[in-house]
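# Coordinates in review
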There are 2 protein chains.
Amino acid sequence: MKEQAYDPEEKKIRNIKLILAYDGGKYHGFQRQNNAISVQNVLEKKLAIVFGGEIKLAASGRTDAGVHAYGQVVNFLTEGTIPIDRVVRAINSHLPADIVVRSAEEVALDFSARHCAKDKVYIYKIQQGEVLDPFKRQYAWYIRKELDVDKMNKAMRYIVGTYDFSAFRAVGSAPMHPVRTIFEANCKLQGDTIEFLFWGNGFLYHMVRNLVGTLVNVGKGKTTLEGFKVILEGKDRKKAGMTAPAQGLYLKEVNY
Amino acid sequence: MKEQAYDPEEKKIRNIKLILAYDGGKYHGFQRQNNAISVQNVLEKKLAIVFGGEIKLAASGRTDAGVHAYGQVVNFLTEGTIPIDRVVRAINSHLPADIVVRSAEEVALDFSARHCAKDKVYIYKIQQGEVLDPFKRQYAWYIRKELDVDKMNKAMRYIVGTYDFSAFRAVGSAPMHPVRTIFEANCKLQGDTIEFLFWGNGFLYHMVRNLVGTLVNVGKGKTTLEGFKVILEGKDRKKAGMTAPAQGLYLKEVNY
């Protein structure tokens, strides 16, 4: 869109911000793909129907294949004239039921869902119990062995603050500055499900899933609290736990 | 199995009772089918692996295509020798994740999951709200318009007791005596979801889903409380509401 010359007065360019929820189970991630179906592919196609013309959207960030969202944020420029209060229903009437627009808002032309994002909240769910709950199989990681929630909470205190999170960054991921600030991190048992919360100013690729995989080792007693701290400080991905499976992860909200 | 001659002393015939949970979304109902995949088809095949020989099971009752269960009960006779305390894990290791054995028990040879069932509890879920929750789309009926829960509860009091439920029986279903006793019926709002509970000594084909469809008309103000009573007393299926969709219905438990 950057190359496109426009006169806002004449063409009435609008910048639309959407908050989305989606079940990522069937999609090859959020980001547009050429040979696979992504959330972005589906959404851009439907937005083109509602707004007219080709729509290219920007998102707060990618989510991986199988990862869910309650509060992904996107924006796009359009000359479409549909009133803003009709946008949610209009788009949802075209979307499949696993992608839902929760709200729509007209924002300043310089708003970018990607570049203006200040912080994000991720949730990760683990189902506990003697048997897997078939209604949660697509929405949580099932672990039979009872995890020590109290001990995992204590480990999570070590990551609150500003640290180099290289130990929890995906091997071979794009070289980005590995320092991030975590404002809040905790876990609690609700019914048979442990819900982990991570609130931070940004997350490295696979960082939440690698943290959860390592915390599970703490919860199982395989890794001590001191051991967890050593892993964080060691900045070596090979020392941390497995990458927790995608279906337990949710992008909960993005703040601007 | 009736024709089969056996000497329990010699062959050690065992009668195994299982409690099952399943996500019915992918199955053409519970009952064995020749040209479609049912829960029974899958389960009998996996039971044969664990217990050996051909397994023919009996269930407390069928559930329709797309209907779920937390507590379906089945039983079967077998000469298999696997210890009862290993049965749950053994079967679950073979089953797909949308069918789960919750418990296994060895019971008297004359126990029949079908004929000994005394009463059943069904749950029906409706999701309310401005937009559909993509994580509930396969597990509830989505209705945007806010339903009057208090009024639906009042209507549900009319069905507690022993009545002829012909008004809520599927058109063209097998001729069965249409009188059933409902011990308890109520609905409550939990978060954004209305949960209906029906506890009775038996249910006619489509009875719960037809009741919910009619109660929704009460909740929307289309049918009055008096009108609901007239529908029940009129015993005419054509006067009642639509059949609520399958994905909101759960066989919660079966009591013996």
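All values reported here derive from a predicted model rather than from experimental measurement.

Each helix and strand in chain A was counted, giving six helices and 10 strands. Relative to a compact globule of 256 residues, whose C-alpha radius of gyration would be 18 Å, chain A shows 20 Å and is just as compact. Principal axes of the C-alpha set define a box for chain A whose edges measure 65 × 40 × 30 Å. Counting every position in chain A, which comprises 256 residues, the buried fraction comes to 52%. The long-range fraction of contacts in chain A, counting pairs at least 24 apart against all pairs at least 6 apart in sequence, stands at 71%. Per element, the accessible surface of chain A, about 12,300 Å² overall, is 49% carbon and sulfur. When the 37 basic and 28 acidic side-chain charges of chain A are each reduced to a single mean position, those positions are 5 Å apart.

Looking at chain A as a whole, its pLDDT mean stands at 94, while 96% of the residues score no less than 70. Of the two predicted TM-score estimates for the complex, the pTM is 0.88 and the ipTM is 0.85.

All right, on to the interface of chain B and chain A then. The interface is formed by 24 residues belonging to chain B together with 24 residues belonging to chain A. Approximately 1,900 Å² of surface area, both sides summed, lies buried where chain B meets chain A, with 67% of it carried by carbon and sulfur atoms. Inspection of the chain B/chain A interface yields four salt bridges. Asp 23 of chain A is the partner of Arg 137 of chain B in a salt bridge, and the nearest nitrogen-oxygen pair spans 2.8 Å. Inspection of the chain B/chain A interface yields four residue pairs in polar contact (both at pLDDT 80 or more). Here the residues of the side of chain B that touches chain A are counted per class, giving 14 nonpolar, three polar and seven charged.

As a further point, take the pattern of salt bridges. Residues and elements named next belong to chain A. In total, this model carries 29 salt bridges over all chains according to the counting rule given. With a shortest N-O distance of 3.6 Å, Lys 26 and Asp 98 are connected by a salt bridge. Of this pair, Lys 26 sits in the loop between β1 (14-22) and α2 (39-51) while Asp 98 sits in the loop between α3 (87-94) and β4 (99-107), and the two are 72 residues apart along the sequence. Residue Lys 26 is classed as exposed on the basis of its relative accessible area of 60%.

All names here are of chain A. The buried count for strand β5 (residues 119-128) comes to 10 of 10 residues, which makes it a mostly enclosed element. Burial of β5 is two-sided: the residues Asp 119, Val 121, Ile 123, Lys 125 and Gln 127 facing one way and the residues Lys 120, Tyr 122, Tyr 124, Ile 126 and Gln 128 facing the other way are all buried. Pairing analysis gives six bridges linking β5 to strand β10 (residues 249-255), with the strands arranged antiparallel. Following the sheet pairing, Val 121 is matched in β10 by Glu 253. Note: β5 against strand β9 (residues 193-200), eight bridges, orientation antiparallel.

Taken as a whole, this structure holds 24 aromatic pairs over all chains when the rule is applied. One aromatic cluster in this structure is built from Tyr 70, Tyr 139 and Tyr 250 of chain A together with Phe 135 of chain B. We note Lys 125 of chain A situated over the ring of Tyr 250 of chain A; from NZ or CZ to the ring centre the distance is 4.8 Å.

Residues and elements named next belong to chain A. Domain boundaries in chain A define domain 1 (14-107) and domain 2 (119-255). Averaged C-alpha coordinates put domain 1 and domain 2 at centres separated by 27 Å. In this assembly, 15 residues from domain 1 lie in contact with 16 residues from domain 2. Approximately 1,200 Å² of surface area, both sides summed, lies buried where domain 1 meets domain 2, with 55% of it carried by carbon and sulfur atoms. The interface formed by domain 1 and domain 2 holds one salt bridge in total.

Our next topic: the side chain of Arg 14 of chain A. Residues and elements named next belong to chain A. Mapped onto the secondary structure, Arg 14 falls in strand β1. A polar contact of 2.9 Å, which involves the side chain of Arg 14, links it to the backbone oxygen of Ile 82. Once residues lying within four places of it in the same chain are set aside, the contact partners of Arg 14 are Phe 51, Phe 76, Leu 77, Thr 78, Gly 80, Thr 81, Ile 82, Pro 83, Ile 84, Glu 106 and Leu 109.

Turning our attention to the relation of the copies chain B and chain A. Related by rotation about an axis and a shift along that axis, the two copies of the chain form a pair. Overlaying chain B on chain A yields an RMSD of 0.0 Å, the required transformation being a rotation through 180° with an accompanying axial translation of 0.0 Å. Overall, the copies show the geometry of a two-fold rotation axis. Taken together, the interface assignments show that 100% of the residues at the interface of chain B recur at the interface of chain A, consistent with an identical surface on both copies.

Definitions and limits used
Residues numbered from 1 in each chain as written. Chains lettered and ligands numbered in written order. Predicted model: local features only at pLDDT ≥ 70, side-chain atom pairs only at ≥ 80, totals over all residues. Heavy atoms only, no water. Helix = DSSP H or I, 4+ residues; strand = E, 2+ residues; numbered from the N terminus. Rg over C-alpha atoms; globule rule 2.2 N^0.38 Å. Buried < 20%, exposed > 50% of the residue type's maximum accessible area, 1.4 Å probe, protein only. Contact = heavy atoms within 4.5 Å. Areas by Shrake-Rupley, 256 points an atom, 1.4 Å probe, with all protein chains shown as cover. Lys, Arg positive; Asp, Glu negative; His and termini not counted. Charge placed at Lys NZ, Arg CZ, Asp CG, Glu CD. pLDDT = per-residue confidence, 0-100. Buried area = accessible area lost by both parts, 1.4 Å probe. Salt bridge = Lys/Arg side-chain N within 4 Å of Asp/Glu carboxyl O. Polar contact = N/O pair within 3.5 Å; in protein donor to acceptor, adjacent residues only side chain to side chain. Nonpolar A, V, L, I, M, F, W, Y, C, P; charged D, E, K, R; others polar. Pairing = 2+ DSSP bridges. Phe/Tyr/Trp six-rings, centres within 6.5 Å; stacked < 30°, edge-to-face > 60°. Lys NZ or Arg CZ within 6 Å of the ring centre and 35° of its normal. Domains from an automatic or database assignment. Least-squares fit on C-alpha atoms with pLDDT ≥ 70 in both.

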